[in-house]
Amino acid sequence: MIMQQLYLSTCVRRYSIAYTRRFAPSLLDLVRTPLRKSDVRLYSTHSRQVPPADNSSSFLPGGGDTWSKVDPSLVVDIALKTLVGLGVIFIGGNLYVSWYKNNVLSKIEAAFNETWDDTYLVGLIKQELSRFDLLTPDLEHAGLQRLAGKLYEVYPRRQDQDFIDSIVKGEKAARPDGGFVMQGAGKSGMLFDAMLNIRKEGLVFLEAHPDLEVFRLRLGSALNYEFSEDLQAGLFQRPDPRSCGPAMDIERGTEALDKLHDVAMRRGRSRPLVLVITKIQNFYNDDQGRNLLLQIQQYAERWALRGSIVTVVFTTDDIWPYTLLRKAATLMDVRSVQDLDWEMSKRTLLRRRPDAGNVNSVVHVVGGRQSYLNKVSRAEEMLQAAEELLRLEKAWLESCLGLIPDCDIDQDVVKQFLQQKWSLHCWTLLREFVRLYKAGQEESGDSWDPLKLPVIPSWRCQQIMTRPDYLDELDRLDVVYIDMNSNVQPDSMLVLRAALDIIEKEGFDELLEDVRCRIKEIESLWQRRIVTEHV
């Protein structure tokens, strides 16, 4: 009996505590009310009889009187406040997105409206003149016009300068113009001169990069575009702005540039905008790199068809971007900028070094490549600097196209065998260039131009090398240069001089023939081994 009373008191305490947590404070008094004897019924712990449930609406939630006591005006008030709050968020979000889009266009237009003031231009010209020790004391405090005239004396005006000026100034009809030029041929200098004339107004300049993420950042920095990374609309934006990769980011950037047409026309812009992308050969020649070039070309073609909107200028050193873009190009101009000729090269050196007495010897070694002329003109001994450049070029050719007459035949070094095979065909082509150069010298006589490079059609080079894929690799290494007419020539006079010195060494022909015989021997041994394994 005592044990039953203890069990009953424990159950009553648990019942009171449990409902105290669930009910409102107004019901606590009912729970705390002392139980009468008539309210307490004792059951045996061994009994199967279940206590009757209490259906009183005073204790259990969800009773019949709960919703009848709710004020309808309170429900209406809560609904109205919710609708007003959602409406304010929706209208405010739309207003913010509209303002953000207009702000993006304003920022892009501001990037094209940036100009070089006189102070900045004076600093650039002084820096360029100081490279050649031509910044004399009387030019320290000279004006912009005098400094610009001195700069034009240092850099001779090229034949293609008028063409570049017409594109940058907008005088030429807006077309996706591409200047596919040689490395170091002076294309950057011509673009810089054209930018000086317009003070960079309406022009954006950037350089390509193999990593597309880096190129995306460069394009965004040039256009003053954040690729929606600064958009504060994450509540209404499902995908991440960076979730689709650099290709989609660049697509958004070109779309924003496309929308700039309305703003430019509304504000009365008289000439097209210019977008310059240099060294597009830096993109990898794979699916991503080719797709990116085609993507930019599609926008360039569309802008060209719609009138004077944006002119895109490409520059490259290799032939593969041209072969890629020419398939779908309908409004693309291509210009190949050659090196300086004999007279212009000498005049350039004499303007930078009036006291030099060995100009002919220097030009005979380095040729008319603008970058090489810049290097030797800054040296104290120009002829010694030219010979040093020639030595470095010869060392690079011998290391890159080295010939090994006793190469191993082990299958584990197949890469070495293929490299020797490639070197053999490359030297065969270079030997043909040297032969044509000497033949031209004998035929021309006194009227011979020492800087005139021999030219061979591409189809003939493939026959000489017996492999068409080797030619593209030589172009990528800047050993040869392939122009838009599929004509092949040595990349520069310095390369031709280096190849001529190597080929004229005693025993070179025997070395080349030994490598050829060794390669044939290895190929025949491999064929026998394959036949033996199959048998």
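Residues numbered from 1 in each chain as written. Predicted model: local features only at pLDDT ≥ 70, side-chain atom pairs only at ≥ 80, totals over all residues. Heavy atoms only, no water.

Trainee: Explain the nonpolar core to me, and be specific about the residues and the numbers.
Mentor: Core analysis: the largest hydrophobic core is formed by 102 residues, its most contacted members being Ile-277, Phe-283, Val-366, Trp-427 and Leu-429. If near-sequence neighbours (up to four positions away) are discounted, Ile-277 is found in contact with Leu-206, Ala-208, Phe-215, Ile-296, Val-313, Phe-314 and Thr-315. (Core = buried A, V, L, I, M, F, W, Y, C linked by side-chain atoms within 4.5 Å. Buried < 20%, exposed > 50% of the residue type's maximum accessible area, 1.4 Å probe, protein only. Contact = heavy atoms within 4.5 Å.)

Trainee: Please set out the side chain of Arg-158 residue by residue, giving values where relevant.
Mentor: Of note, Arg-158 is situated in the loop between α5 (144-154) and α6 (161-169). Buried within the structure, Arg-158 lacks any salt-bridge partner; its nearest side chain of opposite charge belongs to Asp-339, at an N-O separation of 5.6 Å. At 2.5 Å, the side chain of Arg-158 forms a polar contact with the backbone oxygen of Gln-338. (Helix = DSSP H or I, 4+ residues; strand = E, 2+ residues; numbered from the N terminus. Lys, Arg positive; Asp, Glu negative; His and termini not counted. Salt bridge = Lys/Arg side-chain N within 4 Å of Asp/Glu carboxyl O. Polar contact = N/O pair within 3.5 Å; in protein donor to acceptor, adjacent residues only side chain to side chain.)

Trainee: Tell me what's going on with helix α10 (residues 287-305), and back it up with residues and numbers.
Mentor: With 19 residues, α10 extends 27 Å between its outermost C-alpha atoms, agreeing within 8% with the 27 Å of an ideal straight helix rising 1.5 Å per residue. Within α10, the full set of buried residues consists of Gly-289, Leu-292, Leu-293, Gln-295, Ile-296, Gln-297, Tyr-299, Ala-300, Glu-301, Trp-303 and Ala-304. (Expected span 1.5 Å × (residues − 1).)

Trainee: Tell me what's going on with the environment of Leu-151, and back it up with residues and numbers.
Mentor: When you line up the elements, Leu-151 lands in helix α5. The buried category is assigned to Leu-151, whose relative accessible area is 2%. When the C-alpha atoms of Leu-151 and Glu-128 are compared, they prove to be 7.9 Å apart, with 23 residues separating the residues in sequence. Apart from the residues lying within four places of it in its own chain, the contact partners of Leu-151 are Ile-125, Glu-128, Leu-129, Phe-192 and Leu-196.

Trainee: Let's hear about the side chain of Arg-497: which residues, and what values?
Mentor: Structurally, Arg-497 is set in helix α19 (residues 493-503). This buried residue, Arg-497, is left without a salt bridge; Asp-501 holds the nearest opposite charge, at 6.8 Å. When sequence neighbours within four positions are dropped, the list of residues in contact with Arg-497 reads His-364, Val-365, Leu-390, Tyr-437 and Pro-450.

Trainee: Kindly report on the confidence of the model for the protein chain, identifying the contributing residues and their values.
Mentor: Per-residue confidence for the protein chain gives a mean pLDDT of 77; residues scoring 70 or more make up 76%. The weakest mean pLDDT in the protein chain belongs to helix α2 (residues 28-32) at 43; the strongest belongs to strand β5 (residues 456-457) at 94. (pLDDT = per-residue confidence, 0-100.)

Trainee: Would you mind going over the sheet that holds strand β6 (residues 480-482) in detail, with residue names and values included?
Mentor: The sheet built from three strands is open, its strands ordered β5-β7-β6 with antiparallel pairing. Of all strands in the sheet, those with a lone pairing partner are β5 and β6, marking the two edges. In the sheet, β6 pairs with strand β7 (residues 487-490) via three bridges, with the strands oriented antiparallel. Its bridge partner lying in β7, Ile-482 is registered against Val-488. Running over the sheet, helix α18 (residues 469-476) touches β6 and β7 and is turned about 110° from β6. (Pairing = 2+ DSSP bridges. Axes fitted to C-alpha atoms, helices over the stretch in contact; angles between N-to-C directions.)

Trainee: Describe the pattern of salt bridges, listing the residues and the values that go with them.
Mentor: All chains considered together, the criterion is met by 19 salt bridges. When the shortest N-O distance is used, the salt bridge between Arg-435 and Glu-432 registers 2.5 Å. Of the two residues, Arg-435 and Glu-432 both sit in helix α16 (residues 414-444), three residues apart, roughly one turn of that helix. On the basis of relative accessibility, which here comes to 46%, the residue Arg-435 falls in the partly exposed class. Among the ionic pairs, Glu-513 bridges to Arg-516, the shortest N-O distance being 3.7 Å. Remark: Arg-516 and Glu-513 occur in helix α20 (residues 508-534); sequence separation between them is three residues, near one turn of the helix. A relative accessible area of 41% places Glu-513 in the partly exposed class. Taken together, the salt bridges that share partners define one network made up of Arg-157, Asp-162 and Asp-165.

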